[in-house]
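Next come the chains, spelled out residue by residue.
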Amino acid sequence: MSHIVIIGSGLAGCATVRALRQQGCDASITVISPEPSLFYYPGLLRSLAEMRVEDSVLINLTRFFEDQDVDHFAASVTGLSPEASVVKTDVTDVGYDYLVIASGSQYSPGIVGSEHVINPLKSWSEMMRYQRALNELEGGSLVIGFGAHPKDPLAFQGGPVFDLLFAIDSRLRNQRQRRSYDITFASPNLKHELRFVDEPFDNLLSQFKRNHIHFLGEEIVSFDRDGLDTPHTRVPSNLTAFVPGLSGPEWAASSGLKVTVSGLFETNSACQAVGHENIYVAGDAGRFSDRPMKLTQYYLADLTGEIAAHNIAALDRGKTPVAALSSDEHGITESVDNNSLICRGKQRNYIRRGVPLTWSRNLMEWQTLRRYKNVS
Ligand SMILES: Cc1cc2nc3c(=O)[nH]c(=O)nc-3n(C[C@H](O)[C@H](O)[C@H](O)COP(=O)(O)OP(=O)(O)OC[C@H]3O[C@@H](n4cnc5c(N)ncnc54)[C@H](O)[C@@H]3O)c2cc1C
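Report follows, based on the coordinates. It should be emphasised that the depicted structure is a prediction, and the values quoted were computed from it without experimental measurement.

Thresholds applied
- Residues numbered from 1 in each chain as written.
- Predicted model: local features only at pLDDT ≥ 70, side-chain atom pairs only at ≥ 80, totals over all residues.
- Pairing = 2+ DSSP bridges.
- Helix = DSSP H or I, 4+ residues; strand = E, 2+ residues; numbered from the N terminus.
- Axes fitted to C-alpha atoms, helices over the stretch in contact; angles between N-to-C directions.
- Contact = placed C-beta atoms within 7 Å.
- Near = placed C-beta within 6 Å.
- Nonpolar A, V, L, I, M, F, W, Y, C, P; charged D, E, K, R; others polar.
- Buried ≥ 20, exposed ≤ 12 C-beta atoms within 10 Å, placed from the backbone.

1. Section: the pairing of strand β6 (residues 77-81)
(1) Moving on: Bridging between β6 and strand β7 (residues 86-89) involves 4 bridges; their strand directions are antiparallel. Bridging from a neighbouring strand, Gly79 pairs with Lys88 of β7.

2. Overview of the sheet that holds strand β5 (residues 70-74)
Sheets are built from strands that pair by backbone hydrogen bonding, the pairs being arranged parallel or antiparallel.
(1) Moving on: With respect to topology, 5 strands assemble into an open sheet ordered β5-β2-β1-β9-β20, the strand pairing being parallel. At either margin of the open sheet sits one strand with a lone partner, and together these are β5 and β20 (279-281). On average, adjacent strands in this sheet sit at an angle of 20° to one another, irrespective of strand direction.
(2) Moving on: Two elements, strand β1 (residues 3-7) and strand β9 (residues 98-101), share 4 bridges in a ladder whose sense is parallel. Of the residues in β9, the one forming a bridge with Ile6 is Val100.
(3) Moving on: Packed onto the sheet, helix α1 (residues 11-22) meets β1, β2 (28-33), β5 and β9 and runs at close to 175° relative to β2.
(4) Moving on: Along the sheet face, helix α8 (residues 298-316) touches β1, β9 and β20 and points at about 165° away from the line of β20.

3. Brief notes about the site of the ligand
(1) Moving on: Close to the ligand lie 30 residues, the nearest being Gly8, Gly10, Gly104, Gly283 and Gln297.
(2) Moving on: Looking at the shell around the ligand, the elements that each hand over two or more residues are α1, β2, α2 (42-46) and α8.
(3) Moving on: Of the residues in the shell around the ligand, the class split is 18 nonpolar, 11 polar and 1 charged.

4. A few points about unusual backbone geometry
(1) Moving on: Despite not being glycine, Arg176 has its phi angle at roughly 55°, a positive value.
(2) Moving on: Relative to the helices and strands, Arg176 resides in the loop between α5 (159-174) and β12 (181-186).
(3) Moving on: Accessibility expressed as a C-beta count within 10 Å gives 8 for Arg176, which makes it exposed.
(4) Moving on: For His212, which is not glycine, the phi torsion reads 55° and is therefore positive.
(5) Moving on: By the element assignment, His212 lies in the loop between α7 (198-210) and β13 (213-216).
(6) Moving on: His212 sits in the exposed class, given 12 other C-beta atoms within 10 Å.

Quick look at the structure:
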């Protein structure tokens, strides 16, 4: 019987497990991650608008793993030896026949003075720290923004930062405090995030204008406790939320796999690590062929996990892997009084306003998490 090892128990790792079993794959499966739990990142942003507790976004996977006949190995991966088909961890080495790397991405080293800013998207505790700091203010200047990996301008997390921006704007309006604040959105990467498509870029700038949000599209040189500096401008800030660029794990560079300068694992359209028939990549850990941008989206985590599973199940039966990724992308931006759906891709390129998407996000969350919550 084959042994499949999956690194990571996030949405991509869990989607891979489900799809493997749905394919009728009876291989033994080991998931390696520090804890047998899944953190649902999109729920983090809801904490700004709703009463939420950490337990509502941190899903215990013990029953899911039992149900799917999966061994969870509590460890952190520290390296890989593809020639020996062995994953190195801080506990012991683990051998595999097929490997799926679904270990997500990390935040890259920050800009000078990063200790003066908060990255609320990093964890539940950082989101709470940001909210406490916001509650302590009685007005002033807020900066919210994102950057890219220092050597890879395409490795960044933009979508959730727009969500954060509009959620803060909305919250201050609801509290009738918006007039007491100046809000600046800072990102030299905004055009990259919008895939160089002029229509969404102009539309987003118009939306900023309508909501009285300033846009700063310059490189950020440094932060300090009272603001930030670009090569040309000084921007004061009483509270700065900044999401640095993304990178792969430290062990990526010595893994023997093809990685980008930011350490993300490069794949072909079948989500297969370039040049390695038995290694697949799913979710935020990968840079997928035909998708030069580093996209961090949960539908993509699901999709790439499913493609990896289909192809491994096929290989395991001695068949040719055929599942492949298409190149369409979707993004959702919410604001105070409307929602905007931004579609970017070869087939579709548009922005739609006024789409009632809040309920559909709730539905997606419910649909996604019930797979892992209420099993057996
Ligand atoms: C605040 C926020 C809001 C978001 N909102 C949306 C949204 O509205 N819509 C959308 O489409 N996307 C959204 N995203 C993006 C989406 O959440 C991610 O794309 C998705 O979670 C990626 O899943 P993943 O499994 O690849 O990575 P992760 O969820 O990061 O999971 C990685 C897993 O790997 C494990 N791991 C990491 N390193 C190691 C190691 N060395 N050894 C072993 N295990 C390891 C981790 O413990 C974890 O279990 C949001 C992201 C954030 C941060």
